[in-house]
Amino acid sequence: MAGLAQGRMAPLGRQSPSSLQVPRGGPCLLLLFCLPLRAACPQGCQCPEHAGVVAVHCSATGLREVPRDIPTDAVLLKLNANQITRIPDGAFQHLSQLKELDLSGNAIETIGPATFAGLAGGLRLLDLSHNRIRRIPKDALGKLSAQVRLSHNPLHCECALQEALWGLRLDPDSADAIACHTSVREELVGKPLIQALDAGISFCGTHHRTTDVAMLVTMFGWFAMVITYVVYYVRQNQEDARRHLEYLKSLPSTPISKDPISQAP
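Heads up: these notes are all about the structure in this document. What you see is a predicted model; the values in this text were computed from it and never measured.

### Structural notes on the overall build of the protein chain
Looking only at helices and strands, the protein chain has five helices and eight strands in total. Listing the helices and strands of the protein chain from first to last along the sequence gives α-α-β-β-β-β-β-β-β-α-β-α-α. Here the protein chain, with 265 residues, has 30% of them falling under the buried criterion. A separation threshold of at least 6 residues defines the contact pool for the protein chain, and within that pool the share at least 24 residues apart is 43%. For the protein chain, the exposed surface amounts to about 18,500 Å²; the carbon and sulfur share of it is 59%.

### So, the layout of surface pockets
If you roll a probe as big as a water molecule over the atoms, it shows you where there is empty space left. Of the volumes computed, that of the largest pocket is approximately 180 Å³. Along its surface, the largest pocket is lined by Arg 64, Glu 65, Val 66, Pro 67, Arg 68, Thr 85, Arg 86, Pro 88, Ala 91 and His 94. Among the residues making up the lining of the largest pocket, the classes are represented as four nonpolar, two polar and four charged. For the second largest pocket, the calculated volume is near 150 Å³. Around the second largest pocket, the lining residues are Gln 162, Leu 165, Trp 166, Leu 168, Leu 170, Ile 194, Leu 197, Asp 198, Ile 201 and Ser 202. Put simply, the parts of the chain that give the lining of the second largest pocket at least two residues each are helix H3 (159-165) and helix H4 (193-198). Ranked by the residues each element gives to the lining of the second largest pocket, the list is headed by H4, at three residues. Class assignment for the residues of the lining of the second largest pocket results in seven nonpolar, two polar and one charged.

### Points about the environment of Gln 43
Tracing the backbone through its elements, the reader meets Gln 43 in the loop between helix H2 (26-34) and strand E1 (49-50). As for Gln 43 and Ile 70, which are separated by 27 residues in sequence, their C-alpha atoms are 9.9 Å apart.

### Observations concerning the sheet that holds strand E6 (residues 147-149)
Ordered by their spatial adjacency, six strands build an open sheet running E1-E2-E3-E4-E5-E6, and the pairing between neighbours is mixed. Every other strand in the sheet has two partners, leaving E1 and E6 as the edge strands with one partner each. Inspection of the sheet shows strand E3 (residues 74-78) paired to strand E4 (residues 100-102) by three bridges, in the parallel sense. When the bridges of E4 are listed, Leu 76 appears paired with Glu 100.

### Examining the pattern of salt bridges
Once their charged atoms are close, side chains differing in charge can pair, the charge on each being opposite to the other. Taken as a whole, this structure holds five salt bridges when the rule is applied. With a closest N to O distance of 3.2 Å, Glu 158 and Arg 135 form a salt bridge. Here Arg 135 lies in the loop between strand E5 (125-127) and E6 and Glu 158 lies in the loop between strand E7 (155-157) and H3, a separation of 23 residues in the sequence. Classification of Glu 158 as buried rests on a relative accessible area of 17%. On the basis of relative accessibility, which here comes to 43%, the residue Arg 135 falls in the partly exposed class. Between Asp 171 and Arg 149 there is a salt bridge, with its nearest N and O atoms 3.3 Å apart. Placement of the pair is Asp 171 in the loop between H3 and strand E8 (180-183) and Arg 149 in strand E6, with a sequence separation of 22 residues.

Rules behind the numbers
- Residues numbered from 1 in each chain as written.
- Predicted model: local features only at pLDDT ≥ 70, side-chain atom pairs only at ≥ 80, totals over all residues.
- Heavy atoms only, no water.
- Helix = DSSP H or I, 4+ residues; strand = E, 2+ residues; numbered from the N terminus.
- Buried < 20%, exposed > 50% of the residue type's maximum accessible area, 1.4 Å probe, protein only.
- Contact = heavy atoms within 4.5 Å.
- Areas by Shrake-Rupley, 256 points an atom, 1.4 Å probe, with all protein chains shown as cover.
- 1 Å grid on protein atoms, 1.4 Å probe; cavity = no way out; pocket = protein on both sides within 12 Å on 5 of 7 lines; lining within 4 Å.
- Points joined across faces, edges and corners; volume = space filled by probe spheres on them.
- Nonpolar A, V, L, I, M, F, W, Y, C, P; charged D, E, K, R; others polar.
- Pairing = 2+ DSSP bridges.
- Salt bridge = Lys/Arg side-chain N within 4 Å of Asp/Glu carboxyl O.

By themselves these figures say nothing about function.
Set out below in structure tokens:
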């Protein structure tokens, strides 16, 4: 009996740590369940974390498009010095904590109205310098509260660009490097855009004057058509009236009886 008693397992609450049966690889497996889950780092990038702040570094990794597996808690995202040519609408809308976005040194040609959807509230810095951007839609950047860098892009200076920059927070250190690569006003080609706007030059004024002239020409054309029609109508009526009068004159005249009532015998 004593041997049997000795062979029995002790109560669970009294077992020593060494007497517990742990599955093979158990401590590592338990550790995986205890760690918080977070999105994987994009291939070829580095995602260091310090004091709960996640930074995603994908600089000079040969990217041709924006990675889709960016951690949702990323605060800093560096996609600079790559070969990205376009940014899909809403590419960053899941990054609600993003504060800085660096897209400089790529080959981006266009920006859509919804390219930076979802970043209006928290983004503090947007770097689009050293790209191939020619035109910027009016509403593409207007909702952002971030400082924006647009220097060293082949911008076409026109009314739409002026309206897009209206109220935009441009980075003061790089604003003077924003130049007109082409322009609706030839004398401003190669000149700093911000200096031209500060001097009172308006690209929208030229557009509005051209529109006004076109409207005046159109109105004059319609007015001339109306006058021509009225003159034709009056002359046609006069011709018809003359013909009718000649017809009446050509009719034989008949004597008019003074008293058609015959007298009684």
